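Spelled out from the first residue to the last, the chains are:
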Protein chains: 4
Amino acid sequence: MKRDIYENISPLDARYYKSNKNLMEDLAKYLSENSVIKYQALVEIAMISVMERYGIAPSGAKEEMVSALKKITPEEVYNEEARTRHNIRALVNVFQKYVDNDNVAPFIHLSATSEDITGTAQSLRIKDVTYRVIVPKTLEFMEQIIKIIEKEAGTVQIGRTHGQHAVPITVGYLFSGYLDRLGGRLIRIIEAADNLRGKMSGAVGAYNASSLLFDDPRKFEEDVLEELGLKPGAFSSQIIEPEYMLDYIHAIISAFGVLAQISDDIRHLQRTEIGEMGENFEKNQVGSSTMPHKRNPWNFEHVKSMWKEFMPRVITRYMDQISEHQRDLTNSASNRFIVEIITAFTISVDRLVKQFEKLKIDYENLKANLGKTKWMFLAEPLYILLAKAGEKRAHEIVKQATLKAEKEGKDLFSIVREEEAFKTIVKSKEWKSLESDPSSYIGKAHDRALAILYLWKSRADEIKESCKNYKEAGYEE
Amino acid sequence: MKRDIYENISPLDARYYKSNKNLMEDLAKYLSENSVIKYQALVEIAMISVMERYGIAPSGAKEEMVSALKKITPEEVYNEEARTRHNIRALVNVFQKYVDNDNVAPFIHLSATSEDITGTAQSLRIKDVTYRVIVPKTLEFMEQIIKIIEKEAGTVQIGRTHGQHAVPITVGYLFSGYLDRLGGRLIRIIEAADNLRGKMSGAVGAYNASSLLFDDPRKFEEDVLEELGLKPGAFSSQIIEPEYMLDYIHAIISAFGVLAQISDDIRHLQRTEIGEMGENFEKNQVGSSTMPHKRNPWNFEHVKSMWKEFMPRVITRYMDQISEHQRDLTNSASNRFIVEIITAFTISVDRLVKQFEKLKIDYENLKANLGKTKWMFLAEPLYILLAKAGEKRAHEIVKQATLKAEKEGKDLFSIVREEEAFKTIVKSKEWKSLESDPSSYIGKAHDRALAILYLWKSRADEIKESCKNYKEAGYEE
Amino acid sequence: MKRDIYENISPLDARYYKSNKNLMEDLAKYLSENSVIKYQALVEIAMISVMERYGIAPSGAKEEMVSALKKITPEEVYNEEARTRHNIRALVNVFQKYVDNDNVAPFIHLSATSEDITGTAQSLRIKDVTYRVIVPKTLEFMEQIIKIIEKEAGTVQIGRTHGQHAVPITVGYLFSGYLDRLGGRLIRIIEAADNLRGKMSGAVGAYNASSLLFDDPRKFEEDVLEELGLKPGAFSSQIIEPEYMLDYIHAIISAFGVLAQISDDIRHLQRTEIGEMGENFEKNQVGSSTMPHKRNPWNFEHVKSMWKEFMPRVITRYMDQISEHQRDLTNSASNRFIVEIITAFTISVDRLVKQFEKLKIDYENLKANLGKTKWMFLAEPLYILLAKAGEKRAHEIVKQATLKAEKEGKDLFSIVREEEAFKTIVKSKEWKSLESDPSSYIGKAHDRALAILYLWKSRADEIKESCKNYKEAGYEE
Amino acid sequence: MKRDIYENISPLDARYYKSNKNLMEDLAKYLSENSVIKYQALVEIAMISVMERYGIAPSGAKEEMVSALKKITPEEVYNEEARTRHNIRALVNVFQKYVDNDNVAPFIHLSATSEDITGTAQSLRIKDVTYRVIVPKTLEFMEQIIKIIEKEAGTVQIGRTHGQHAVPITVGYLFSGYLDRLGGRLIRIIEAADNLRGKMSGAVGAYNASSLLFDDPRKFEEDVLEELGLKPGAFSSQIIEPEYMLDYIHAIISAFGVLAQISDDIRHLQRTEIGEMGENFEKNQVGSSTMPHKRNPWNFEHVKSMWKEFMPRVITRYMDQISEHQRDLTNSASNRFIVEIITAFTISVDRLVKQFEKLKIDYENLKANLGKTKWMFLAEPLYILLAKAGEKRAHEIVKQATLKAEKEGKDLFSIVREEEAFKTIVKSKEWKSLESDPSSYIGKAHDRALAILYLWKSRADEIKESCKNYKEAGYEE
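Keep in mind the model is a prediction, meaning the values are calculated, not measured.

Structural notes on the interface of chain C and chain B
- Of the residues lining the interface, 92 residues belong to chain C; the matching set on chain B comes to 94 residues.
- Interface area for chain C against chain B, summed over the two sides, is near 8,000 Å², with a carbon-plus-sulfur share of 60%.
- The salt bridge involving D247 of chain B is made with R188 of chain C; its shortest N-O contact spans 3.3 Å.
- Summed over the shared surface of chain C and chain B, the result is 41 residue pairs in polar contact (both at pLDDT 80 or more).
- The element that contributes the greatest number of residues to the side of chain C that touches chain B is helix α11 (residues 243-269) of chain C, accounting for 14 residues.
- Residue composition of the side of chain C that touches chain B, by class: 44 nonpolar, 25 polar and 23 charged.

Focus on the domain arrangement of chain A
- What the domain assignment lists for chain A is domain 1 (32-107), domain 2 (124-210 + 239-280 + 291-368) and domain 3 (374-440).
- Of note, the centres of domain 1 of chain A and domain 3 of chain A, computed from C-alpha atoms alone, are 78 Å apart.

Structural notes on the packing of aromatic side chains
- Under the criterion given, the structure shown has 56 aromatic pairs over all chains.
- A ring pair is formed by F175 of chain B and Y178 of chain B, whose centres lie 5.2 Å apart and whose planes are at 75°; its orientation type is edge-to-face. Residue F175 of chain B and its partner Y178 of chain B are both found in helix α8 (residues 171-194); the two are separated by three residues, about one turn of the helix. Neither residue differs from the other here; F175 of chain B and Y178 of chain B are each classed as buried.
- Taken together, the aromatic side chains of F141, F175, Y178 and F356 of chain A make up a single cluster linked through ring pairs.

Let's talk about helix α5 (residues 74-84) of chain D
- By the burial criterion, the buried members of α5 of chain D are P74, E76, V77, Y78, E80, E81 and T84 of chain D.
- The first or second residue beyond α5 of chain D is R85 of chain D, which carries a positive phi of 60°.

Structural notes on the pattern of salt bridges
- All told, the structure shown has 162 salt bridges over all chains when counted by the stated rule.
- With a shortest N-O distance of 3.9 Å, K21 of chain B and E25 of chain B are connected by a salt bridge. Placement of the pair is K21 of chain B and E25 of chain B together in helix α2 (residues 21-31), with a separation of four residues, close to one helical turn.
- Ionic pairing is found between E143 of chain D and K464 of chain D, a salt bridge with its closest N-O pair at 2.9 Å. Taken together, the residues E143 of chain D in helix α7 (residues 114-152) and K464 of chain D in helix α21 (residues 445-473) connect sequence positions 321 residues apart.

Some thoughts on the pairing of strand β3 (residues 164-170) of chain C
Residues and elements named next belong to chain C.
- Burial of β3 is extensive: seven of the seven residues sit out of reach of the surface.
- Relative to β3, strand β2 (residues 156-161) runs antiparallel, the two being bridged by five bridges. Paired with R160 across the two strands is H165, which belongs to β3.
- In this antiparallel pair of consecutive strands, β2 and β3, the connection spans two residues, and H162 shows a positive phi of 60°.

Let's talk about the relation of the copies chain C and chain B
- Overlaying chain C with chain B gives an RMSD of 0.0 Å, the required rotation being 180° about an axis along which the chain moves by 0.0 Å. One copy is carried onto the other by what is essentially a two-fold rotation axis.

Observations regarding the packing of helix α8 (residues 171-194) of chain D against α21 of chain D
Residues and elements named next belong to chain D.
- Two elements in contact, α8 and α21, have axes separated by 9 Å at closest approach and are oriented at 25°. If you check the angle between α8 and α21, you find them roughly parallel. Crossing of α8 over α21 shows left-handed handedness. Side by side, α8 and α21 meet where G172, Y173, S176, L179, D180, G183, G184, L186, I187 and I190 of the first sit next to A445, R448, A449, I452, L453, L455, W456, R459 and I463 of the second.
- Partitioning the contact of α8 with α21 into residue classes produces 12 nonpolar, four polar and three charged.

Notes on the environment of G278 of chain D
Residues and elements named next belong to chain D.
- One can find G278 in strand β6 (residues 277-279).
- The buried category is assigned to G278, whose relative accessible area is 9%.
- C-alpha separation for the pair G278 and R267, spaced 11 residues apart in sequence, amounts to 7.5 Å.
- Discounting chain neighbours no more than four positions away, the residues touching G278 are Q270, K358, L359 and K360.

Digging into the environment of P232 of chain C
Residue and element names in this part refer to chain C.
- Relative to the helices and strands, P232 resides in strand β5 (residues 231-232).
- For P232, a relative accessible area of 10% puts it in the buried group.
- Residues P232 and I322, spaced 90 residues apart in sequence, show a C-alpha to C-alpha distance of 20 Å.
- If we ignore the near neighbours within four places in the chain, the residues touching P232 are R197, G198, R218, E221, E222 and L225.

Things to note about a negative patch on the surface
- Together, E191 and D194 of chain A together with E191 and D194 of chain D line one region of the surface with negative charge.
- Along the polypeptide, E191 of chain D turns up in helix α8.
- By relative accessible area, E191 of chain D is classed as partly exposed at 45%.

Overview of unusual backbone geometry
- The backbone phi angle of K374 of chain B is positive, close to 55°, even though this residue is not glycine.
- Summarising the element assignment, K374 of chain B is placed in the loop between α16 (363-370) and α17 (379-388).
- Judged by relative accessible area, K374 of chain B falls into the partly exposed class, the value being 38%.
- Even without being glycine, S111 of chain C reaches a positive phi, approximately 85°.
- Tracing the chain through its elements places S111 of chain C in the loop between α6 (87-98) and α7 (114-152).
- Note on S111 of chain C: relative accessible area 4%, which makes it buried.

What counts, and at which threshold
- Every residue gets a number counted from 1 within its own chain, in the order that chain's sequence is written.
- All chains are assigned letters beginning with A, and all ligands numbers beginning with 1, in the order in which they are written.
- In view of the model being predicted, local features appear only for residues whose pLDDT reaches at least 70, and side-chain atom pairs are presented and counted only at 80 or more, with totals across whole chains, interfaces and linings using the full set of residues.
- Derived side-chain values reflect all non-hydrogen atoms in the structure, with water molecules and hydrogen atoms excluded from consideration.
- Note on contacts: a residue pair qualifies if any of its non-hydrogen atoms lie within 4.5 Å across the two residues.
- Buried area, as used here, totals the accessible surface that two parts lose on assembly, with accessibility defined by a 1.4 Å probe and the loss added over both.
- Basic side-chain nitrogens of Lys or Arg form a salt bridge, by our definition, when they fall within 4 Å of a carboxyl oxygen of Asp or Glu.
- Each polar contact in these results corresponds to two N or O atoms within 3.5 Å; when the atoms are within protein, one needs to be able to donate a hydrogen and the other to accept it, and residues that are neighboring in sequence are counted only if both atoms are side-chain atoms.
- Secondary structure elements are taken from DSSP: a helix is a run of H or I of four residues or more, a strand is a run of E of two residues or more, and numbering for both begins at the N terminus.
- Throughout, the ten residues Ala, Val, Leu, Ile, Met, Phe, Trp, Tyr, Cys and Pro are labelled nonpolar, Asp, Glu, Lys and Arg are labelled charged, and all others, Gly among them, are labelled polar.
- As annotated, the domain borders come from an automatic or database domain assignment.
- Stacked, tilted and edge-to-face are the three classes assigned to paired rings of Phe, Tyr and Trp, where Trp is represented by its six-membered ring and a pair needs centres within 6.5 Å; plane angles under 30 degrees give stacked, over 60 edge-to-face, the rest tilted.
- Only protein chains enter the calculation, and the probe is 1.4 Å; a residue is then buried if its accessible area is under 20% of its type maximum, exposed if over 50%, and partly exposed in between.
- Being paired, for any two strands, means DSSP has found at least two bridges between them.
- Copies overlap after least-squares fitting; the atoms used are the C-alpha atoms of residues with pLDDT of at least 70 in both.
- To define axes, lines are fitted to C-alpha atoms, for helices over the stretch in contact only, and angles between the resulting N-to-C directions are given on a 0 to 180 degree scale.
- Should an angle lie under 35 degrees it is considered roughly parallel, over 145 roughly antiparallel, and from 65 to 115 roughly perpendicular; all remaining angles are considered oblique.
- Here a crossing is taken to be left-handed if its near helix is turned anticlockwise relative to the far helix by less than a right angle, and right-handed if that turn runs clockwise.
- Here, patches come from residues exposed beyond 30% relative accessible area and free of salt bridges, joined within 9 Å for like charges and within 5 Å for nonpolar side chains (Val, Leu, Ile, Met, Phe, Trp, Tyr).
- The Shrake-Rupley method, run with a 1.4 Å probe sphere, supplies the accessible areas, and residue values consider only the shown protein chains as cover.
- Positive charges are assigned to Lys and Arg, negative charges to Asp and Glu, while His and the chain termini are left out of the count.
- Just so you know, the charge point we use is NZ for Lys, CZ for Arg, CG for Asp and CD for Glu.

Put into structure tokens, the structure is as follows:
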């Protein structure tokens, strides 16, 4: 059933599909309605496969299912659903249509409840999209950050707290924070994906029906799930315990928060008055329809905006923890929408990947900004040196000195030279060194940036390895 | 650009499009990406129209624009945007391609900032979809509720508080609450839609550019907006004050809450142990894949689930109140998604419309449930009658009586006859009347249900009238 | 029961009580646990008062109740609740202790359900705190904004969109936006407060019990509520329809959003690189414990932070729209917390009042920033003038000119003088005027600031009048 | 500074303090404003302690600090803050007042930024309250659940999905789900608490100041934090990476969701028509002020309501992930409120502990409900047995049979005996067994309940051990 994409209502399926076709199609393999049906079919096949192995379903049954799947279209399943008003029964009916009616058909779905299929398929496709799309894309972004750190580990930048100049760091140090936070979240995403569970425990989770078919229905559940690379939880009702998926969504949403942080920082650093970083503009690009001179950080604004749209949706998942008794269905429609969160996160990472490719760092402005407060940020080392020298009123003395400097429009060095209180300090090796190069007051920014870089280079390698292993295990097909 | 709907990621554009094609296509006229471009074009045309009227643009300019619009496809605009990286500039360029290049083209968009177009178009299409789809659909639902009230105003039902039997109401009274609450919200939706504003005040809202073109740029703004049936706010920056749209979303979300209330109530009344109401099942419908006997209230669960998915998105709109200085763009992407909320609300109303058509009320269960506590709910009138007769320990005496009744498994009437404390009461006209018909203890439930029904019949007529007027004014086309 | 405030857990009752004692005590009159009991008592008294008027309760009953109230302490009510496990029964019992036992006691609370008292008292105290504290405090803030507009209506400031310099506005215009948005919200708050409802319709809202006592129980409800300055809704169940309070909370939260906007803007304008506005620092104030020179906008940050804490709590209120059947109690505890939102909003307004008293505007930096882009913002009027002169490639020509200016480090005027394309423009009256005073390119910023100021001066007067009327009507006492 | 608790605004500090004094005072040790100051002091002491060890601060300095702390009152610190407008500077000043002025005072706080103290203290007290209050209280609740499972592992209960009777489970199995979910969350809480970090890296996280004092400032940070049982993150800016605390809050909020699930289930099972469980009522307890016979599940409703109040506050924490550059202060006030979430969660666990002590299970109603659908739930095994016997139309045949049974008002056994299709089944061992005891159709409910019970008994022992170890390590004092 084809439709003009511009007739779609969700911006994801129109505007953002159009602007990022390849990635959106990669994601659709796991997150579209098509993929829902495909993954549910894979679970049905895994059931038959184990029954065949157990000698319950006839030999060759799995193969018949696999062939049948190739003939099934979502349209057909949907049309059958319109008749039966039941999506999994519709899938089963369509499967039965394409397999040997007498020998294989009766075993399809036998003893399972719909949610055994639905819930397991959901875990499976989320796990797949994680290893196959989200992790590689995030690693790609992390590698860009790593390159920036490598290049800018020693590039001095004034630190800012409360929007005010504080003391200096380096650009590499700034980005090492992004790396550490994003990397930490990626690990959380992987852990949560690895911890997604399946189930094959029937209508209320107590293996009522499957106890009639299998001596050890818990074993049957484990075997089916193992075919798919999954495990059951200790407990299930009609549904898998919701906390596994909730932890996953928490990981995604909190990783999205790191993207928002990065975007916010860079768009502020692109402010006209600051100008330390910016998007390189493309030829033909229009900054503003009436102000052609503008260079708007709209891609970074876009990512922040996407975060604002998708972050609050975490609330739905906390609400979906509650399902009356062995389950009510008030989490069914909402559950279908979690794919939107994952999509939005992934295309936002990709947006940043593209922006970071052309991220421009303005060394002149970095330098100019550093000097903007007439080295007043050296009030901090001044105070430390004074206190270290035993002056207990150090904080107050330095404060008065900075107020004086501010009032008289002088730079800090002049005041320090003038004031009696600093006569020892002014001669110290440390102060002289700061005077000759105020930008050397970066503490361990350079070292720490590199330490964090090495840490994550090594962890990124491990993650890449686990992606490779996952793909080789090939649970999807 | 056509695509299989099953490749879409948003359930709205796949599953819910498939299951409600007609309504989704009605909504798409106002809420799709196509409609975004169309409404933006209408705003550009209104600008030219006023400039033509003012004698600034050449005579016939508006007509040329209208013709040009017929040739414009969203695909073309999008392809131009891919080149310019600016959506409104893209639209302007495409318009310019199709009009007389020398005389009309220079006036297109002249003095406007993109957001003048974007923001005004957004207000316009939301107002249109409100009057043309949301209000009629909600009225349709209200009329169904009205019919139920008419029929069931006197049908006695036990009232329930804390899930416990309290004292009786009537089914009509229950539904009169839904009517009053939903009606109240509908009025709020209309008021908020009527209060949506446009703008034509330029890049920072101060009419900088338009002051060069028009003697009274505020008047120009008012004139352009009047062509579209809109008004400006007292103030704007680059954007319209966000509170107008926020009030609208609040109205929609809080109306959605009423749908959730209705759904929750009915699905609980459909519980196996209660069974007072239920969906009538269709032939071929499968209740459960392993428990064919079940009658699941899944449509009501669906509406509750949609509410859980969409309600939290209100948070985004509260966040979008904040836009730095004259505007940052972090509300741009998020703003595109409000159409999803409106869509989800409308298809949820429609879902309830369809369910209410086949809503079954089970009079036998209503009656059986009423008697379930052995008329213990008459403890309330008993206490009132006793207190009215001057007994100051009335509450305590009745409490002891009910405990006794409970302990001895007797009904309340027996206890009342036995106990000394009630010897006067037992002979009173009021108690005799309750004894002969305990279900008469409904207070004013019947009367109030009808009063509320009359109130909303009359208001619904007024609302219908205003829809008619809106359509006749025909701001859309 | 006294306790050290530093033992409290909520920052509202410890830190923010300590730092704003007077306002917190004003608020406590309406929002503390003490006030809960007091307002519930007022509702009980209103019931007796009407019963006395009807000749049901004995003459003098109301007076006895008023006297009794003076003897009641919250401690006593709480201790009685610990015994009965029911807060309203506890209040009734304590009242009965202090009145004539035989004649007045039996009528106390007669026919009411707890929620008649609780819900009505909640509406009443919220309405009171609105008129008596919130509105006056917000008006105080609006008057400060008005003063700033009066003074700065013509003070030119560069407008900023996307954090980039756009075209100029005036400081007064900036603040006129705050005024219009905050004023709009205040009106919404008042409307919502005026629309808060009471109820006296009994256990399931159908007047079951009161029908036994009064010929027209709806009239009784109206009469009791009229004594308190309230009205009933068309419908109630055990509870008042939740949408009235929800609209109120929406109004408060959306007003809070405007505070967050103001705070965000000013803290950014206080950035080291911008420095257009700032808090004046107090003597003894420490900017930072290690960087004594810093001037942190922490009060504005505080208000933003409070908004972040309290805004999401709106979700609870949307959830509380749903209450099963005639009511479940899952909105009871949550409902007690809405006073925190109101408190946080009010002390945040007050925080801004205090900061605005010492708000410093830095005219030098305003001027310096304006020139920072070498008048590139005049690209906009340049483009308009060129297009007005019939140049259809105006946008492109100007864009190229600005790119050239940027590349060659020249200001816009030089480029305009050099380029052939501008030879007519450069001689125009309009361009000459801009060249002699680039800061005159403010459109209607000055005029609109004043227009908005007059609008709100007049509305503020009306609001003040309605506060005065409210206090004179004196429903509280 | 003492104040009547009823003057407090937060229900936590008034109503819920009053109703749960002991637990609230336990929590106040870690979560009150008093505790804020105390824990900040402990961090200052740890700094001095390490400096003393390093030979920088004089010998005995730590001891002087410990003595000084005993003299410090929060009132004094607050009064100093009112003067300096800086909370940590105030604490430092007060400390300096009580120590040897010349030798110890200059080293207090030397090289630290306020947030080194504030952030580290916050992590520390949250970790402490976790191990000392939250974990023991949650374990207490889990032990109650364990006892119920032990007793009710084999007590048959009808399973319910969609509020409809499905197939049976056991009461013990129901509670084993609560145990597994709550236990899983408790482990998450502990892991997150163990992963809370401290910092001692100065104003922008780059050890600028401390590099002047210590050869290896990273080592100094590690040493100070080790004294407190904490570790630093790989990176910090002025603040600790927010994700550590966010994960903790996620763990708490998602555990709160499990409490809400339990509460919802039990209050529904207490419905008049279901009556399978309930709170045992206390003597003197009033069910309703006008309906003395009611048994309202208000404690379970209370917990659900608390969840509704506190769950949405998670949004604030996701927003607080973003802090501009090296930090803005817009997370400062909001951060103070996280103690409220922890408090609400803990008193809700305690509320459930108290309710579970008197939880009543009604075996008669369990049995009666089981038979309510005339054994229609055996349609499931009937279908399985039929399909297992090779009947491919099994699902349809059984569906028709149940429809017939329903229509004719017969029980399932009669229909099965009558219908030709079941003639083999009716003689099977399995069906005969179900016919003789329909309540035996519980699958593995009994076994799984016990398996989950053993799993968590063992894990609970491990958790108890780790609490014991934590207390013995004694980082707090």
